[in-house]
Amino acid sequence: MATLNLAEYEKEALNNLILSLKTKWPTANFKIFGSKVKGIADKESDIDLLIVLPCEVTGDIRSQIIKEVFNINLSYGSNISVLIVSEEEWQRGKISVLPIRYFIEKEGMPL
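In this convention, every chain numbers its residues from 1, walking through the sequence in written order. Reporting in this predicted model follows two pLDDT cut-offs: at least 70 for local features of residues, and 80 or more for side-chain atom pairs to be given and counted; totals over whole chains, interfaces and linings ignore these cut-offs and use all residues. Each side-chain value is derived from all of the structure's non-hydrogen atoms; neither hydrogens nor water enter the calculation.

**Q** When you look at the nonpolar core in this model, what are you seeing that I'm missing?
**A** Side chains that are nonpolar tend, in soluble globular proteins, to be buried together. Definition used in this section: a nonpolar core is a set of buried Ala, Val, Leu, Ile, Met, Phe, Trp, Tyr and Cys residues joined via side-chain atoms within 4.5 Å. Under the scheme applied here, a residue whose accessible area is under 20% of the maximum for its type counts as buried, over 50% as exposed, and between as partly exposed, the area being computed with a 1.4 Å probe on protein chains only. Ranked by internal contacts, the top residues of the largest apolar core, which has 22 residues, are I51, L53, I65 and I80. Here a strand is any run of E in DSSP of at least two residues, a helix any run of H or I of at least four, and the numbering for each starts at the N terminus. At the level of elements, α1 (8–24), β1 (29–33), β2 (47–53), α3 (59–76) and β3 (80–86) are the ones that each hand at least two residues to this core. For this core, the element with the most residues is α1, which contributes five residues. In what follows, residue pairs with any heavy atoms lying within 4.5 Å of each other are defined as contacts. Beyond its immediate chain neighbours, meaning those up to four positions away, I80 contacts A13, L14, L17, I47, L49, V69, I72 and N73. Ranked by size, the runner-up nonpolar core spans seven residues in total, among them F33, V85, W90 and I104.

**Q** Before we go on, may I ask you to explain the side chain of S45 in this structure?
**A** Counting through the fold element by element, S45 comes out in the loop between α2 (35–38) and β2. As used in this structure description, the phrase polar contact means that two N or O atoms lie within 3.5 Å; if the pair is within protein, one of them must be able to donate a hydrogen and the other to accept it, and residues adjacent in sequence are counted only when both atoms belong to side chains. A distance of 2.9 Å separates a polar atom in the side chain of S45 from the backbone nitrogen of D42. Those residues within four positions of S45 in sequence are excluded, and the remaining contacts are S35, K36 and N79.

**Q** Can you walk me through α1 in this structure?
**A** An α-helical segment advances 3.6 residues per turn. Residues three or four places apart therefore align on the same side. A rise of 1.5 Å per residue sets the reference length of α1, with its 17 residues, at 24 Å; its end C-alpha atoms lie 25 Å apart and thus fit the reference within 8%. Buried within α1 are the following residues: E10, A13, L14, L17, I18, S20 and L21. The arc that holds every buried residue of α1, seen down its axis, measures 165 degrees, which confines them to one face. The outward face of α1, more than 90 degrees from its buried face, is lined by the exposed residues E8, L19 and T23. Those residues of α1 that are buried are in contact with β1, α2, β2, α3 and β3. For a helix, the expected span equals 1.5 Å multiplied by the residue count minus one. This arc is taken over the directions from the axis of the helix to the C-beta atoms.

Okay, here's the thing in structure tokens:
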């Protein structure tokens, strides 16, 4: 994350979120994208984070992750927004043909 222009509290929030999620899904992949990566973020910009899980993303799993993101944002004053997909969805699902996937693959930064 050294090349990203993130405040220290944003780096800590992202690190803690990733560490927490890796305890449940050790092989999950994370990629930051959007204005923070492009260098066009302002003080109101969120941190866009793709989370790719090695399993089906059920409603329960999505809720667990959103709750964790909420708690991290509340604790750190950060504004992390997540896109949560399974590896299967990312590679072969409907999202695989959407423009957002192209832009995340092109501009996103793995964490």
